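One-letter residues, chain by chain:
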Amino acid sequence: MILVTGGAGFIGSNFVLDWLANADEPLLNLDALTYAGNLENLATVDGDSRHIFIKGDIGDFALVSALLAEHQPRAIVNFAAESHVDRSIHGPEDFIQTNIVGTFRLLEAVRAHWQKLPNETPRPEGERGRGEGVSKQSFRFLHVSTDEVYGSLSASDPAFSETNRYEPNSPYSASKAASDHLVRAYHHTYGLPVLTTNCSNNYGPYHFPEKLIPLVIHNALAGKPLPIYGDGQQVRDWLYVKDHCSAIRRVLEAGRLGETYNVGGWNEKPNLDVVHTLCSILDELQPRADGKPYKEQITYVTDRPGHDRRYAIDASKIERELGWKPAETFETGIHKTVQWYLDNQAWVANVTSGVYQNWVGKQYSV
Ligand code: NAD
Ligand code: DAU
């Protein structure tokens, strides 16, 4: 059994679906179901007895302690977080609460549980009963983090490596940096067997349409403006979400304790290029009724305050040490993604009803 937090969000739900497709091992999914968490993402595993969903907060020490005692997971993968940079600028409080205080309380519950685990060498997989065989040595806490903790690169800087200094610039990235430091400290101080991954921008199915790629697809189809912050020349390094999931599985399997692994697909693109690519794919797959190109909907808007200019991930450590490589190129992944959104317009309509309406369109003023 493994425990996944935030498994109803974008990356977490893709991880849960892939886990259940690839392994027989059951999975406990703890998610607070904020605006970003959506059980519809997990509809295809509804009724699968290997998936146990619990609605709850990672910061609820009593709940997490009880879940750990009852289910005795061998590993925890911590996805749960507030994840949207723009929201962190408009209101940082939730980011501090979940990403810092929540991660701290989760670590406290995990530490108390882990300290009671036996030291014995576990018996082989096939001979174990539930909970048996999990030892202090075999237990893992994998913390899912971001490349944004490293700050912003200039055009000539080398890509972020694991030894780069932390220089977070937004309330979101500062809160993630704080959580990474706590995870590191729990390893250094208490010996908790932790692993941390720092990944670049993900895209793919179930991506909430507040983020650039799904927002542009959604707005294009709805005939709305495609907002480009500033000059649109900011660079992000894109990774198909399923490749991020396979990297996390690999790090969980073979990562060295206390290490951090950068995860990325060597796919740096300026935002404007990404938006042009999305427009061209839509022109091909679902042309506008008036025959005009979707790029006519592109609209330049006020820049995000403190906008990081460039992110780029040097993924050579995970490739060299763990033999991980992404399966998708940007070209294959982005086509699949646009097709997924065209095929799942009911999902889009559901997640963009309600609270979404109060958020989108909230742009920055000069
Ligand atoms: P998301 O916003 O789509 O999902 C977050 C999930 O966490 C939601 O299901 C939400 O309900 C849940 N959650 C929020 N607060 C919670 C709490 N207090 N207790 C329990 N559950 C809670 O985020 P995502 O894009 O899937 O990102 C997942 C993780 O990956 C985050 O830690 C994020 O920092 C990291 N990450 C994201 C990207 C990316 O491009 N999206 C890249 C690198 C790293
Ligand atoms: O790098 C990893 C990070 O990637 C993750 O840690 C975050 O959780 C995730 O949200 C993402 O952060 P970004 O800020 O890079 O993603 P976002 O999709 O919000 O924006 C991508 C780029 O597009 C960024 O330069 C801002 C720009 N943008 C975004 C939106 C929503 C626009 O120009 N217009 C928009 O409407």
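As the structure is a prediction and not an experimental result, all values here were calculated from the model. (Residues numbered from 1 in each chain as written. Chains lettered and ligands numbered in written order. Predicted model: local features only at pLDDT ≥ 70, side-chain atom pairs only at ≥ 80, totals over all residues. Heavy atoms only, no water.)

**Comments concerning the environment of Ser-145**
Then step 1. Note that Ser-145 resides in strand S5 (residues 140-146).
Then step 2. Residue Ser-145 is classed as buried on the basis of its relative accessible area, which comes to 5%.
Then step 3. On a C-alpha basis, the gap between Ser-145 and Arg-105 in space is 17 Å, while along the polypeptide they are 40 residues apart.
Then step 4. Those residues in contact with Ser-145 that lie beyond four places of it in its chain are Lys-176, Asp-180, Thr-196, Thr-197, Asn-198 and Cys-199.
Then step 5. At a separation of 2.9 Å, a polar atom in the side chain of Ser-145 contacts the side chain of Asp-180. (Helix = DSSP H or I, 4+ residues; strand = E, 2+ residues; numbered from the N terminus. Buried < 20%, exposed > 50% of the residue type's maximum accessible area, 1.4 Å probe, protein only. Contact = heavy atoms within 4.5 Å. Polar contact = N/O pair within 3.5 Å; in protein donor to acceptor, adjacent residues only side chain to side chain.)

**Considering the site of ligand 1**
Then step 1. With respect to spatial proximity, 28 residues lie near ligand 1, and among them Ile-11, Asp-31, Ser-83, Tyr-172 and Lys-176 are the closest.
Then step 2. Contact between ligand 1 and Leu-33: an oxygen atom at 3.4 Å from a main-chain N or O atom of the residue.
Then step 3. A distance of 2.9 Å is found between an oxygen atom of ligand 1 and a backbone nitrogen or oxygen belonging to Asn-202.
Then step 4. Starting from 830 Å² of accessible surface for ligand 1 in isolation, the protein chains cover 96%.
Then step 5. Counting residues per element, the ones that place at least two in the shell around ligand 1 are helix H1 (10-22), S5, helix H5 (171-190) and strand S7 (201-203).
Then step 6. Across the shell around ligand 1, the residue classes break down as 13 nonpolar, twelve polar and three charged. (Near = heavy atom within 4 Å. Areas by Shrake-Rupley, 256 points an atom, 1.4 Å probe, with all protein chains shown as cover. Nonpolar A, V, L, I, M, F, W, Y, C, P; charged D, E, K, R; others polar.)

**Some thoughts on the environment of Asn-271**
Then step 1. By the element assignment, Asn-271 lies in helix H8 (residues 271-285).
Then step 2. When residues no more than four places from it in sequence are discounted, the contact partners of Asn-271 are Leu-212, Gly-232, Gln-234, Arg-236 and His-307.

**Some remarks on the site of ligand 2**
Then step 1. By nearness alone, 24 residues border ligand 2, and Asp-147, Tyr-172, Asn-201, Arg-304 and His-307 come closest of all.
Then step 2. Take Ser-83: an N or O atom from its main chain is 2.7 Å from an oxygen atom of ligand 2.
Then step 3. The separation between an oxygen atom of ligand 2 and a polar side-chain atom of Arg-236 is 2.8 Å.
Then step 4. Notes on ligand 2: free accessible area 690 Å², of which the protein chains cover 94%.
Then step 5. Residue assignment for the shell around ligand 2 shows that the elements contributing at least two residues are helix H3 (85-90), helix H6 (212-222) and strand S8 (226-229).

**So, the nonpolar core**
Then step 1. Phe-15, Val-77 and Ile-318 are the most contacted members of the largest nonpolar core, which totals 64 residues.
Then step 2. The next biggest cluster of nonpolar side chains, apart from the first, holds 23 residues, and it includes Leu-30, Ile-58, Ala-109 and Leu-117. (Core = buried A, V, L, I, M, F, W, Y, C linked by side-chain atoms within 4.5 Å.)

**Focus: the environment of His-84**
Then step 1. Assignment of secondary structure puts His-84 in the loop between strand S4 (75-78) and H3.
Then step 2. Through-space distance from the C-alpha of His-84 to that of Gly-102 is 17 Å; in sequence the pair is 18 residues apart.
Then step 3. Engagement of the side chain of His-84 in a polar contact is seen with the backbone oxygen of Glu-210, the distance being 3.5 Å.

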